[in-house]
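If you want the building blocks of each chain, they are given just below.
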Amino acid sequence: MELRDYALGIVEATDLETKLRRPADALTDARPGPALRIDAPGRPRELRIVPADKARVPSLRAMPDPAQRARIVHALANHELQAVELFAWAILAFPDAPAEYRRGLHAILADEQRHTRMYSACLPNYGARFGDFPVSGYFWSKVPDLTTPLRFACAMGLTFENANLDHTEVQAREARRVGDEELASVVDVVHRDEIRHVRFGWTWLERLKEPSQTMWEAYRANVTWPLRPELARGREFHAAPRRAAGMDDAFVEALATHDEEPRPGAGKSRVV
Ligand SMILES: [Fe+2]
Ligand SMILES: [Fe+2]
């Protein structure tokens, strides 16, 4: 089977099984085809994307209550499912990207499938199933700005997954605090895999940026507002997983100390 056909099947499928299925045989990438930029994924009816205000998620403070924990973990499963779809999306959108880049997308896609399954498998512990609550589509909303392989790497690897290095530290700690070791160990696995995913973003930023740019300048130049350094970190900043992902000290320091900035053109009077 061709990688492109596999990816198209994942984005368009309206059943979860197809989205999470591993290919039966080794995939080939001989015919990447014309660039295809899909606006929205197929979804089973119960997982159709709705506006964010219709899919509110409780904060981690609600973790002790299993009914609320179900909604938190449900949202994590939906993040992972969006990641599956977006890595498949990128395989379709960037047929001209280097073969190694495309292989990397596929390898991460397989991890994201596993993460989706692991979070889904926790839900019955709280009496829930994947599809029980409304879901939003934050990652999908950014697709119009992901115009190049470099921009994709900067948005997914160096912004969303970068921030997830921090989020997963806190989620695992909170899950342990409420005695949910099963959830905590799933989050630990996601955290470890995320280090590799951020490394993918870092590696391709290095390879695809303008030689005259520093890594930081190139990252800043390849994310579109509202994506920005502020969204590439959590409230708690953890340097160690970033170093493990290969980031250099200058970038880690810049990310850790970067001040929130106003929307471009918003004027000085903006209250934050
Ligand atoms: Fe993931
Ligand atoms: Fe990831």
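For the structure, check the block above.
Just so we're clear, the structure is a prediction, and the values are computed from it rather than from any experiment.

**Student:** So what's going on with the coordination of the iron ion (ligand 2)? Which residues, and what values?
**Tutor:** Here the iron ion (ligand 2) is held by the protein donor atoms Glu112 (OE), Glu161 (OE), Glu194 (OE) and His197 (ND1), which lie 2.0 to 2.2 Å from it. Around the iron ion (ligand 2) sit four donor atoms; with metal-centred angles ranging over 90 to 168°, the donor geometry is irregular. Each donor residue of the iron ion (ligand 2) lies on one chain, and together they are spaced E-x48-E-x32-E-x2-H.

**Student:** Could you give an account of the coordination of the iron ion (ligand 1), with specific residues and numbers?
**Tutor:** The protein atoms donating to the iron ion (ligand 1) are Glu80 (OE), Glu112 (OE) and His115 (ND1), with metal-donor distances spanning 2.0 to 2.3 Å. All donors of the iron ion (ligand 1) come from a single chain, and their spacing in sequence reads E-x31-E-x2-H. In this structure, the iron ion (ligand 1) lies 3.5 Å away from the iron ion (ligand 2), the two metals sharing Glu112 as a donor. Pair noted here: Glu80 is in helix H3 (residues 66–93) and Glu112 is in helix H4 (residues 99–122), with a separation of 32 residues, a long-range link.

**Student:** How would you explain the pattern of salt bridges if you had to name every residue and give the values?
**Tutor:** Under the counting rule described, the total for this entry stands at 17 salt bridges. Asp111 serves as the salt-bridge partner of Arg196, at 3.1 Å between the closest nitrogen and oxygen. Residue Arg196 is located in helix H7 (residues 181–208), and its partner Asp111 is located in helix H4; the two are separated by 85 residues in the primary sequence. Given the relative accessible area of 8%, Asp111 is considered buried. Close ionic contact of Arg242 with Asp166 constitutes a salt bridge, the shortest N to O distance being 2.7 Å. You can see Arg242 sitting in helix H9 (residues 239–244) and its partner Asp166 sitting in helix H6 (residues 149–177), a full 76 residues away along the chain. Residues Arg242 and Asp166 agree in their burial class; the two are buried. A network of salt bridges, in which partner residues are shared, links Asp111, Arg114, Asp193 and Arg196.

**Student:** How would you summarise unusual backbone geometry if you had to cite specific residues and measurements?
**Tutor:** Following Trp225, the chain continues into Pro226 via a peptide bond in cis, with omega recorded as 10°. The topology assignment puts Pro226 in the loop between helix H8 (215–221) and H9.

**Student:** I'd like to hear about the environment of Leu86, residue by residue, with values.
**Tutor:** Mapped onto the elements of the fold, Leu86 is located in helix H3. A relative accessible area of 0% places Leu86 in the buried class. Sequence spacing of Leu86 and Phe139 is 53 residues, and the spatial spacing of their C-alpha atoms is 7.8 Å. In contact with Leu86, other than residues within four places in its own chain, are Phe139, Trp140, Val143, Phe152 and Met156.

Scoring rules and cut-offs
- Residues numbered from 1 in each chain as written.
- Chains lettered and ligands numbered in written order.
- Predicted model: local features only at pLDDT ≥ 70, side-chain atom pairs only at ≥ 80, totals over all residues.
- Heavy atoms only, no water.
- Donors = N, O, S within 2.8 Å, 3.2 Å for Na, K, Ca; no water.
- Tetrahedral: all angles 85-135°; square planar, octahedral: opposite > 155°, others 65-115°.
- Helix = DSSP H or I, 4+ residues; strand = E, 2+ residues; numbered from the N terminus.
- Salt bridge = Lys/Arg side-chain N within 4 Å of Asp/Glu carboxyl O.
- Buried < 20%, exposed > 50% of the residue type's maximum accessible area, 1.4 Å probe, protein only.
- Contact = heavy atoms within 4.5 Å.

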